[in-house]
Amino acid sequence: QVQLVESGGGLVQPGGSLRLSCAASTSAFSISAINWYRLAPGKQRRELVAAIGRDGSTNYADSVKGRFTISRDNAKNTGYLQMNNLKPEDTAVYYCKAVGRLYNRESDYWGQGTQVTVSS
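An account of the accompanying structure is given in this report. Within each chain, residues carry numbers counting from 1 in the order of the written sequence. Given that this is a predicted model, residues contribute local features only at a pLDDT of at least 70 and side-chain atom pairs are listed and counted only at 80 or more, while totals for whole chains, interfaces and linings are drawn from all residues. Values shown for side chains rest on all heavy atoms present in the structure; no hydrogens or waters enter the calculation.

**Describing the nonpolar core**
- To form a nonpolar core, buried Ala, Val, Leu, Ile, Met, Phe, Trp, Tyr and Cys residues must be joined to one another through side-chain atoms within 4.5 Å. Exposed residues in this analysis have more than 50% of their type's maximum accessible area, buried residues have under 20%, and partly exposed residues fall in between, with area computed by a 1.4 Å probe over protein chains only. Counting 29 residues, the largest nonpolar core has Leu4, Phe29, Trp36, Phe68, Leu81, Met83 and Tyr94 as its most contacted members.
- A run of H or I in DSSP becomes a helix once it reaches four residues, and a run of E becomes a strand once it reaches two; helices and strands are each numbered from the N terminus. Only β3 (18-24), β4 (29-39), β5 (47-52), β7 (68-73), β8 (78-83), β9 (92-102) and β11 (114-118) provide two or more residues apiece to this core.
- A total of five residues in this core trace back to one element, the largest contributor, which is β9.
- Contact between two residues is taken to exist if any of their heavy atoms lie within 4.5 Å; hydrogens are not considered. The residues touching Met83, leaving out its near neighbours within four places in the chain, are Gly16, Ser17, Leu18, Leu20, Arg67, Phe68, Tyr94 and Val116.

**Brief notes about the state of the cysteines**
- Counting rule for disulfides: a pair of cysteine sulfur atoms within 2.5 Å. Enumeration over the complete set of coordinates arrives at one disulfide.
- A sulfur-sulfur separation of 2.1 Å characterises the disulfide bridge that pairs Cys22 with Cys96. Classification of the bridge connecting Cys22 and Cys96 rests on its S-S torsion, roughly 70 degrees, and on that basis the disulfide is right-handed. Linking Cys22 in strand β3 with Cys96 in strand β9, this pair joins segments that are 74 residues apart in sequence. An identical accessibility class is assigned to Cys22 and Cys96; each is buried.

**Focus on the packing of aromatic side chains**
- Between 30 and 60 degrees the pair is tilted, below 30 it is stacked and above 60 it is edge-to-face, where a pair is any two Phe, Tyr or Trp rings, Trp via its six-membered ring, whose centres lie within 6.5 Å. What the rule picks out here adds up to two aromatic pairs.
- Here Phe29 and Tyr109 contribute two aromatic rings whose centre-to-centre distance is 5.2 Å and whose plane-to-plane angle is 90 degrees, an arrangement assigned as edge-to-face. Of this pair, Phe29 sits in strand β4 while Tyr109 sits in strand β10 (residues 105-110), placing them 80 residues apart in sequence.
- Given a relative accessible area of 12%, Tyr109 falls into the buried group.
- With 5.0 Å between their ring centres and 45 degrees between their planes, Tyr37 and Trp110 make a pair best called tilted.

**Focus: the pattern of salt bridges**
- Salt bridges are counted wherever a side-chain nitrogen of Lys or Arg sits within 4 Å of a carboxyl oxygen of Asp or Glu. Considering all chains together, one arrives at five salt bridges under this definition.
- For Glu106, the salt bridge identified is with Arg101, shortest N-O distance 3.4 Å.
- On the basis of relative accessible area, Arg101 is assigned to the partly exposed category, the value being 39%.
- A single salt-bridge network, built from bridges that share partners, covers Arg38, Glu47, Arg67 and Asp90.

Fair warning: the whole summary comes from geometry, so function is off the table for now.
Put into structure tokens, the structure is as follows:
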């Protein structure tokens, strides 16, 4: 079993920055892709915010392009989401999802979620 431990959320003023981290609990889990989702207040579905592949290729939702940067450190089995110029509409619970192989079995795991609140 793999745990994804998220950290870095909090309260920030509009225009501020936060960096989220998502660390896998074991190096036995070989991560191929890391995705960041968010669930905004009053919404029923998580929105895919950013994704990064094993080769470092990235994709972003239009709403965060130019403000958010996804990255990964393969040696640490950790993914990151750098969020700059935050807006009130970025307020949400952010979840990471990692897809990969654990003992030669394709698996995916979710983090516990971290609250990001953008407010003055």
